[in-house]
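The primary structure of each chain is shown beneath.
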There are 2 protein chains.
Amino acid sequence: MRVFLELQFDGTDFCGWQRQPQAPSVQSVLEDVLSRWAGVRVGVVGCGRTDSGVHASYFVAHTDLPETCAERGWEDGLRRINGMLPPSIAVAAVVPVSGQAHARFSASERTYVYRLHEAKDVFLQGKSVRVYRPLDVQRMQAAADFLVGTKDFACFCKSGTDPHATTWCDLHRVDVTRVAPHRVEVVLTANRFLRNMVRAIVGTLLEVNSGRRQPEDMWDLLASCDRTQAGKSAPACGLYLTDVVYPDEIWPADWDRFARRAWVERD
Amino acid sequence: MRVFLELQFDGTDFCGWQRQPQAPSVQSVLEDVLSRWAGVRVGVVGCGRTDSGVHASYFVAHTDLPETCAERGWEDGLRRINGMLPPSIAVAAVVPVSGQAHARFSASERTYVYRLHEAKDVFLQGKSVRVYRPLDVQRMQAAADFLVGTKDFACFCKSGTDPHATTWCDLHRVDVTRVAPHRVEVVLTANRFLRNMVRAIVGTLLEVNSGRRQPEDMWDLLASCDRTQAGKSAPACGLYLTDVVYPDEIWPADWDRFARRAWVERD
């Protein structure tokens, strides 16, 4: 039987979501724990491949478990699974879905948040990126506005990515908002994101902030389709996957959104 | 010349504010860094003595610096001091005050926040305390309401404290609030707090939550003046000093509250 796992992880100590031969990944730790709990070897498929050091306050993965797991009760299972996982990975809910539901291919929308702060803050260490120049939110937003829509984002896509894959995305929103006197967040929602895309966009917006670029330069940058024309990639520790949206028919009718909303609303 | 330092610290790796012979304290680290920067040995006096592992999102200390320090410019000084301090201690502002201003004795009010969460959350690890029983905010508030006012809080005071010191405090507010679907905060404001008082109060409120005590039991508990009658002390890592209030005449007329508010508003 197929289930969706609603997850959260602190990416600091992981090489990203995806299993790698030499380094600990969220996927490999989760697969090991689930396999121990299920009593058979199980694999998990994630909603996306977050880079090394990137966090997720909401992440969805699917896995196929033996029917006997359901008989043991999900509530007890969740407690045991969380107890076996390290403090840096948490499962909020196990949701039975149809065998056609796919964590990656069924998702219709994803949201990322990039966190920046302008003054030393001991509680944001490794959880947000410190900038040493005041952030001009209006100016960054003016540049961000050029990015919204269905466009070719090749200039923000890590080179070395499959050259045959499309680099077109439908970016629904990019909002640059001051959330506290010394904190700014960039929120991006799209149907899909390319590798390294959010960090490249934020790095470019920071160059607009510093005056090295003008907001209207975004136009030529997009047209260039050239990664070397965009800004330096912003550090991983400021980036969070915060939401993944699936069509309503994916979720069971009696599904309680409480567990999920517990995290999503906090951000 | 006397200055107030507006500070923030993550208490995880410290034995508390106060200098101790064997363990790193916030005071000792701060004194060492300030002395290196000032070029003479300086001491600092804190607004209170937080316990081992307790955090502060806002803390005030005073120190007396040579006049030459002011000539070098506070903005540059602040940058250098923060650069020398570990990531777990930050100084938001250096504010020149009169020689009579005292970080501890001039303070008229302090606020502490105690953070609790009911579901595994990777981003609250060490920053909030996990409880394994749903929190009944109304019931906890009903008990908390008995504590507000000018009362003898001896039953919440760590034993071994100076028996001649008064255990009366004026507790202005105790608010138990659900701040997110799985997060509850207890906010306490008083003219003064006794040693271990907030953690003993929160530990007792958790026993009210679990049903071991009734809200109205607070009345007899206060009357007992006996620490052994109150609940177990709640863990240090959920506790934050979040605000310290001084009379307006302490602060210079042109003082910009921005730096301070940056942190205070975040909580």
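Keep in mind the model is a prediction, meaning the values are calculated, not measured. (Residues numbered from 1 in each chain as written. Chains lettered and ligands numbered in written order. Predicted model: local features only at pLDDT ≥ 70, side-chain atom pairs only at ≥ 80, totals over all residues.)

**Looking at the packing of helix H1 (residues 26–38) of chain B against helix H3 (residues 74–84) of chain B**
Residues and elements named next belong to chain B. The N-to-C vectors of H1 and H3 enclose an angle of 135 degrees; their axes lie 10 Å apart at closest approach. With respect to H3, the axis of H1 lies oblique. With respect to the hand of their crossing, H1 and H3 are arranged in right-handed fashion. Between H1, through Val-33, Leu-34, Arg-36 and Trp-37, and H3, the contact on the second element is made entirely by Gly-77, Arg-80, Ile-81 and Met-84. Residue classes in the contact of H1 with H3 are distributed as five nonpolar, one polar and two charged. (Axes fitted to C-alpha atoms, helices over the stretch in contact; angles between N-to-C directions. Helix = DSSP H or I, 4+ residues; strand = E, 2+ residues; numbered from the N terminus. Parallel < 35°, antiparallel > 145°, perpendicular 65-115°, else oblique. Left-handed = near helix turned anticlockwise from the far one by under 90°. Contact = placed C-beta atoms within 7 Å. Nonpolar A, V, L, I, M, F, W, Y, C, P; charged D, E, K, R; others polar.)

**Describing the pairing of strand S9 (residues 183–190) of chain B**
Residue and element names in this part refer to chain B. In terms of burial, S9 is a largely internal element, seven of the eight residues being buried. Pairing geometry for strand S5 (residues 109–117) and S9, over eight bridges, is antiparallel. Paired with His-117 across the two strands is Arg-183, which belongs to S9. Pairing between strand S8 (residues 168–180) and S9: eight bridges, direction antiparallel. Its bridge partner being in S9, Thr-177 is matched across the sheet by Glu-185. The hairpin formed by S8 and S9 contains two residues between the paired strands. (Buried ≥ 20, exposed ≤ 12 C-beta atoms within 10 Å, placed from the backbone. Pairing = 2+ DSSP bridges.)

**Observations concerning the confidence of the model for chain A**
Confidence along chain A averages 92 in pLDDT terms, with 95% of residues attaining 70 or more. Among the scores for the predicted complex, ipTM is 0.90 and pTM is 0.91. (pLDDT = per-residue confidence, 0-100.)

**Remarks on the domain arrangement of chain A**
All names here are of chain A. Segmentation of chain A into domains returns domain 1 (2–105 + 246–264) and domain 2 (109–241). Contacts between the two partners involve 13 residues from domain 1 and, on the opposite side, eight residues from domain 2. Considered class by class, the residues forming the side of domain 1 that touches domain 2 number four nonpolar, eight polar and one charged. (Domains from an automatic or database assignment.)

**Let's talk about unusual backbone geometry**
Glycine aside, residues mostly have negative phi, and peptide bonds are mostly found in the trans state. All names here are of chain A. You will see that Cys-225, though not glycine, has its phi angle at about 55 degrees, which is positive. Relative to the elements of secondary structure, Cys-225 occurs in the loop between helix H6 (217–224) and strand S10 (239–245). A count of 14 C-beta atoms within 10 Å places Cys-225 in the partly exposed class.

**Digging into the environment of A:Val44**
All names here are of chain A. On the secondary structure map, Val-44 appears in strand S2 (residues 44–46). Here the alpha-carbon distance between Val-44 and Val-122, two residues 78 residues apart in the chain, equals 35 Å. Those residues in contact with Val-44 that lie beyond four places of it in its chain are Leu-5, Gln-27, Leu-30, Glu-31, Leu-34, Ala-61 and Thr-63.

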